[in-house]
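# Results of the structural survey
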Amino acid sequence: MTTAAPPPPDLEPVTPHGGRPLPPARTRFGRWLQRRVPVDLEALRYYSNEPVPNHLKHWWWCLGGTPAMLFTVQAATGILLSFYYVPDPSQAYESVRRVSEVVPFGWFLRSIHRWSSNLMIAAVILHMMRVFFTGAYRKPRELNWMIGIGLLGTTFFFGFTGYSLVYEQLSYWGATVAGNLTEAVPLIGTYLARLLRGGEMIGDNTLTRFFILHIGILPALITALLAGHILLFRLHGVTEFEFESARLRGPEEKKTFPFFPDHVMTELIIGIGLAFLLTCLAVIFPAGLAEKANPLLTPAHIKPEWYFFWTFRWLKLTGLTLAVLSIGFFGFLALVWPFIDQAIRRRRPASEISVKIGLAAVCALLVLTVWEAVATH
Ligand code: HEM
């Protein structure tokens, strides 16, 4: 009886520690690499090239990639800006002025960073609306929606700490309003506000803390949330929708297309479009520098960045405590909406009440935003 010759050492199956033997890689180099990095290359090949539903061929369906790309622009331009920025009230404004007026292409870098922050917030809002109005947060994607709400909050906080670093009148008084709002949070408000300000009042420590938040804590937080976000939608796959047009094209119609190179190409084209748009915005509307912060002079009317207009108008309509409580309540509702929607649909299966409530919320936010934009006080 002849026993089979053992496979040449190169073809011996690789077993990761505590794992199962891996199918051998196809190439000699692949097998060499697998021996040194025992990962399942087949699984890696599958997970890096999963089939993508046809509707993601249209950019408005794959909006999630846009804030991810803009975040990388923010990271790259932000690192370069931090080479010149000084997080100290006596030097911050001057260091930003030097970037805009002295450092070669500093004005362009700063303008890209500022426009990209505005586009990132707009893209996150549009992506969230796409997900909400298509019901793509429903089971089993509730957790990804909740991570998404974390991403939304972090992106807004990025914007707030970012414009506070310039140390213009808006930065100083905007931070003062934010401190007062934080203080009005029940139970933990006083402590949170002290943590944010670095003391009882806006002072030297405040700018340092905003700087550490903006370049350290928030980037780490958004990266962790994004990793969880991407892992979950990769494990679930993106929600597949049945479109009339596809149904008419019949069952033989392929419902998916490959992630690489097709979907990567779509994102690449969106990326080139974004780069072109950012360059045009930065050159035509470069970031300016308003009046330097003056703690002794309260401006007649503080106008925050556009994405906080609704907050300021709501604050003026309701007062500090009611504004904080209601914004907290609506934020919590948004966080757990997938479960509220599920409870509604358990009673009324075909109900699209979520869409109606969503439309009402969007209209309310738009009215508050436009109202604050046109208001003179
Ligand atoms: C920095 C911010 C964000 C980034 C970079 C991001 C990225 C992505 C990407 C790339 C996808 C894949 C499908 C697509 O492109 O639509 C996705 C899906 C998803 N996102 Fe986001 N997202 C962000 C914020 C949010 C927010 C604010 C929410 C909701 C509150 C959210 C909820 C979801 C859900 C539920 C899915 C699964 C959708 C489906 O299966 O069709 N994301 N996200």
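A brief report on the enclosed structure follows. (Residues numbered from 1 in each chain as written. Predicted model: local features only at pLDDT ≥ 70, side-chain atom pairs only at ≥ 80, totals over all residues. Heavy atoms only, no water.)

## A word on the packing of helix α7 (residues 169-183) against helix α8 (residues 189-197)
Viewed as axis vectors pointing N to C, α7 and α8 meet at an angle of 155 degrees, and their least axial separation amounts to 7 Å. Taken together, the axes of α7 and α8 lie roughly antiparallel to each other. Along its contact with α7, which presents Gly179, Asn180, Thr182 and Glu183, the element α8 presents Gly189, Thr190, Leu192, Ala193, Leu196 and Arg197. Looking at the contact of α7 with α8 residue by residue, the classes come out as three nonpolar, five polar and two charged. (Axes fitted to C-alpha atoms, helices over the stretch in contact; angles between N-to-C directions. Helix = DSSP H or I, 4+ residues; strand = E, 2+ residues; numbered from the N terminus. Parallel < 35°, antiparallel > 145°, perpendicular 65-115°, else oblique. Contact = heavy atoms within 4.5 Å. Nonpolar A, V, L, I, M, F, W, Y, C, P; charged D, E, K, R; others polar.)

## A short note on a nonpolar patch on the surface
Residues Phe29, Trp32, Leu33, Val37, Val39 and Leu44 make up a contiguous nonpolar surface patch of about 570 Å² in total accessible area. Top element by residues in the nonpolar patch is helix α1 (residues 28-36). It accounts for three residues. Structurally, the position occupied by Val37 is in the loop between α1 and α2 (41-47). The exposure class of Val37 is partly exposed, given its relative accessible area of 42%. (Patch = residues over 30% accessible without salt bridge, like charges linked within 9 Å, V, L, I, M, F, W, Y side chains within 5 Å. Areas by Shrake-Rupley, 256 points an atom, 1.4 Å probe, with all protein chains shown as cover. Salt bridge = Lys/Arg side-chain N within 4 Å of Asp/Glu carboxyl O. Buried < 20%, exposed > 50% of the residue type's maximum accessible area, 1.4 Å probe, protein only.)

## Quick word on the environment of Pro286
The residue Pro286 is located in the loop between α11 (259-284) and α12 (309-318) in this model. As a C-alpha pair, Pro286 and Ser111 span 175 residues in sequence and 5.2 Å in three-dimensional space. Not counting chain neighbours up to four residues away, the residues in contact with Pro286 comprise Trp107, Ser111 and Leu281.

## Some remarks on the packing of aromatic side chains
Inspection of the entire model under this criterion finds 22 aromatic pairs. Ring geometry for Trp107 and Phe108: centres 5.6 Å apart, planes at 70 degrees, overall edge-to-face. When its relative accessible area of 34% is taken as the criterion, Trp107 is described as partly exposed. Each member of the aromatic cluster is reached from another via a ring pair, and the members are Phe156, Phe157, Phe160, Tyr163, Phe210, Trp306, Tyr307 and Phe308. (Phe/Tyr/Trp six-rings, centres within 6.5 Å; stacked < 30°, edge-to-face > 60°.)

## A look at the site of the ligand
In the region of the ligand, 25 residues are neighbours, and His127, Arg130, Gly148, His229 and Thr239 sit closest. Measuring from an oxygen atom of the ligand, one finds a backbone N or O atom of Gly64 at 3.0 Å. Measuring from a nitrogen atom of the ligand, one finds a side-chain N or O atom of His229 at 2.8 Å. For the shell around the ligand, the elements supplying multiple residues, two or more each, are α3 (65-82), α5 (106-133), α6 (142-165) and α9 (204-236). Take the shell around the ligand: its biggest share by element is six residues, from α6. Of the residues that constitute the shell around the ligand, the class distribution is 16 nonpolar, seven polar and two charged. (Near = heavy atom within 4 Å. Polar contact = N/O pair within 3.5 Å; in protein donor to acceptor, adjacent residues only side chain to side chain.)

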